[in-house]
Each structure stands twice: as C-alpha cells, then as structure tokens.
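Close look at the chain arrangement
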Amino acid sequence: ATNLQRLCLSRVILLIGISVALAIAKSQNITVATTSIIWVLSILALYTTLCWFRLQQSWPITEQEFFAHIFSDICFLATLLYFSGGATNPFVSYFLIPLAISAITLPWAYTITAAILSVAAYSLLLFFYVPVAIYAPSHHSDGLNIHILGMWINFVLSAGLITYFVVGMATALRKQQQTINQQKEDNLRDQQIMAVATLAAGTAHELGTPLATMNVLLDELNQQSEPGELQQDIALLLEQVTRCKSILTKLTNTAQISHAVKETITLTVLIDEILDNWLLMRPEVSS
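Described in the following lines is the structure provided in the data block. Fair warning: this is a prediction, and the values are worked out from it, not measured in the lab.

Scanning the protein chain for helices and strands turns up eight helices and zero strands. Its helices and strands in sequence order give the protein chain the pattern α-α-α-α-α-α-α-α, from N to C terminus. Counting over 287 residues, the protein chain shows a buried share of 28%. In the protein chain, 76% of the contacts between residues at least 6 apart in sequence involve partners at least 24 apart. As displayed, the protein chain offers around 18900 Å² of accessible surface, 66% of which is attributable to carbon and sulfur atoms.

A word on the nonpolar core. Counting residues in each nonpolar core, the largest one holds 30 residues, and the members touching the most others are Phe95, Leu99 and Tyr122. Of all the secondary-structure elements, those providing two or more residues to this core are helix H1 (2-27), helix H2 (34-55), helix H3 (63-82), helix H4 (96-105), helix H5 (108-125) and helix H6 (146-224). If one sorts the elements of this core by residue count, H3 sits on top with seven residues. Counting twelve residues, the second largest nonpolar core, distinct from the first, contains Leu14, Ile18, Leu22 and Leu41.

On the surface, Ile265, Leu267, Val269, Leu270, Ile271 and Ile274 cluster together into a nonpolar patch covering about 530 Å² of accessible area. Considering the arrangement of structural elements, one finds leucine 270 in helix H8 (residues 267-281). Judged by its relative accessible area of 36%, leucine 270 is partly exposed.

Scanning the entire structure with this criterion turns up three salt bridges. Between aspartate 186 and arginine 189 there is a salt bridge, with the nearest N and O atoms lying 3.0 Å from each other. One end of the pair, aspartate 186, and the other, arginine 189, are both in helix H6, three residues apart, so they sit about a helical turn from each other. Judged by relative accessible area, aspartate 186 falls into the partly exposed class, the value being 24%.

This paragraph deals with H1. Its 26 residues give H1 an end-to-end C-alpha distance of 38 Å, which sits within 8% of 38 Å, the value for a rise of 1.5 Å per residue. Of all the residues in H1, the buried ones are Leu4, Leu7, Cys8, Ser10, Arg11, Leu14, Leu15, Ile18, Leu22 and Ala25. As for H1, its buried residues are in contact with H2, H3 and H4. Downstream of H1 by one or two residues, asparagine 29 has phi in the positive range, about 55 degrees.

The topology assignment puts serine 10 in helix H1. At 2.5 Å, the side chain of serine 10 forms a polar contact with the backbone oxygen of leucine 7.

Our focus in this paragraph is the side chain of arginine 11. Counting through the fold element by element, arginine 11 comes out in helix H1. Other than its neighbours up to four places away in sequence, arginine 11 contacts Leu44, Tyr47, Thr48, Cys51, His69, Ser72 and Asp73.

Within the secondary structure layout, isoleucine 234 lies in helix H7 (residues 229-255). In this structure isoleucine 234 comes out as buried when scored by relative accessible area, which is 6%. Linking isoleucine 234 and asparagine 222, residues twelve residues apart in sequence, is a C-alpha distance of 6.1 Å. Setting aside residues up to four positions removed in sequence, isoleucine 234 forms contacts with Leu218, Leu221, Asn222 and Ser225.

What follows covers the packing of aromatic side chains. Applying the stated criterion across every chain yields a total of three aromatic pairs. A ring pair is formed by tyrosine 47 and phenylalanine 76, whose centres lie 5.6 Å apart and whose planes are at 50 degrees; its orientation type is tilted. Placement of tyrosine 47 in helix H2 and of phenylalanine 76 in helix H3 is noted, with a sequence separation of 29 residues between them. Since its relative accessible area comes to 23%, tyrosine 47 is described here as partly exposed.

Analysis parameters
- Residues numbered from 1 in each chain as written.
- Predicted model: local features only at pLDDT ≥ 70, side-chain atom pairs only at ≥ 80, totals over all residues.
- Heavy atoms only, no water.
- Helix = DSSP H or I, 4+ residues; strand = E, 2+ residues; numbered from the N terminus.
- Buried < 20%, exposed > 50% of the residue type's maximum accessible area, 1.4 Å probe, protein only.
- Contact = heavy atoms within 4.5 Å.
- Areas by Shrake-Rupley, 256 points an atom, 1.4 Å probe, with all protein chains shown as cover.
- Core = buried A, V, L, I, M, F, W, Y, C linked by side-chain atoms within 4.5 Å.
- Patch = residues over 30% accessible without salt bridge, like charges linked within 9 Å, V, L, I, M, F, W, Y side chains within 5 Å.
- Salt bridge = Lys/Arg side-chain N within 4 Å of Asp/Glu carboxyl O.
- Expected span 1.5 Å × (residues − 1).
- Polar contact = N/O pair within 3.5 Å; in protein donor to acceptor, adjacent residues only side chain to side chain.
- Phe/Tyr/Trp six-rings, centres within 6.5 Å; stacked < 30°, edge-to-face > 60°.

These figures capture arrangement, not role.
Pasting the structure below:
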C-alpha cells in the first residue's frame, strides 16, 4: 500500500509537470496536440483518483495488482509522448521511473516484463508520433537522427542496468531483512523459553519441599494405621504425591534444557502413559 501510494504521488507530479509544460507551450504559441493531451491528462487524473480511493480499502494489494498499475503508467506515458513529439521529447527517459519502481518492489519476472514494455514503447515512438516543431533536430537526414538514436541506445542500456543491478540489490536487501526478522523471532522465542524454564525451575523447587514432607507424613500414617478404608485412602494420597513429584521432576528436567529437543517414543509407551495418568486421576475407575 505504501509503494502504491508513492506511485500515485509520482502520477500527481507527472500531471502537474505536463500541465505546466502545456501552459508554457500555449503561452509561447508552440503548436502541440493540446486537445488530445488534455483528454489523456483527464483520464490519468481520474485513474489516479480511483487509485487513491483504492488505497482506502481494507483488502490487501497483491504483486499482480501493483504490476497492473506499473503497466498502466507505461501506457499513459507512451500515449502522452505520442501526442508530444514521441522519442524527440526530452522527457522520454521518464520510462525509467516506473521501471525503477518495479525493480525495487517486484520480483524478476514483473520487472523484465516492464523493461520489455518500456523498450517496446520507446522503440515505437521513434517512428510513430505527432511532431512538435521545437523538438525537431537542428539537422536533418534521410534516416534516424544520430542524437535521437543515441538517446534510444542510452535508454536501452539504462533499462538493462536497472533491471539487472537494482533488482539484484533489492532481492538481496529483502533476503537480508527476512534473515534479520527470522533472527529476531528466534531470539524472542529463546527468551520466552528461558523465562518459562526459569519460572518452572523456581516453582518445582518451592513445591518440592512440601511434597517431600507430605510423603514422609503419609508413610508414617500408613504404617501406623490398621488395614481398612483409611489405609486405602492414605495409599491413594501417596500415589497422588508420587505423581506430583514425577511431574515436578519432568518440569525441572525440561527447565534445564536450553533448546527444544524432540523425544521419540513408541505409540504403545505413549498410550500406556496416558492411560496410567488417567487412571491415577480417577481412582474410582477399575483398570
């Protein structure tokens, strides 16, 4: 959304610049296709307004949608240049702006497509355009003017360099940022694990003493009591205390591990452990 907002801002700058240039051309009595240019500017202004409205919506902006905006900018620019001198217009290199934006924000495939479209549009504007007298070369020849041809060669080379180097640097920066974000997530997870482990170790230590005391007292009560219902209750309490001590032991062992370790056990052992725990918590159920 931020990149699309910047792209819309570049359109506003283009609209203002061309409007000022058109006003200067009229004041200097320079013959241009004023009506056609105004129509194109009006459509571009409407499209930019719709784009700003799109930015207010909640649904995400995909790479395909963003490239569609890049493509539309290339088409609008090509149309404006067609009515204002074509490749003889000194602002024809503005094709590099949407190409550079694509190189920074989009993957290889989209940028290569944008480069091909820009070069194709520039190449067509060498032969098909509405002439503007002020842009006419100072010397004429039967073929292409050397200066205009040189501008085209410079544009093709610039487009290739932007596509190759800028895309490579942008990709490297994105990978570097992803690596940094992953490291931050790993560090945060490690800190959370250490905090939980420290809390678990402290809790296990504090509960160990009262459980040991309860275990000793229950042993003494079990030895002093006569066989019967009371001794069964004491035996049950001893099992529960033993279970609590086992849980605390596992908790302490887990707290001593700095990294998560996967323990592989058989399905039979896992089922037996679950069944034993369930039966221990429900002594009224017979196994």
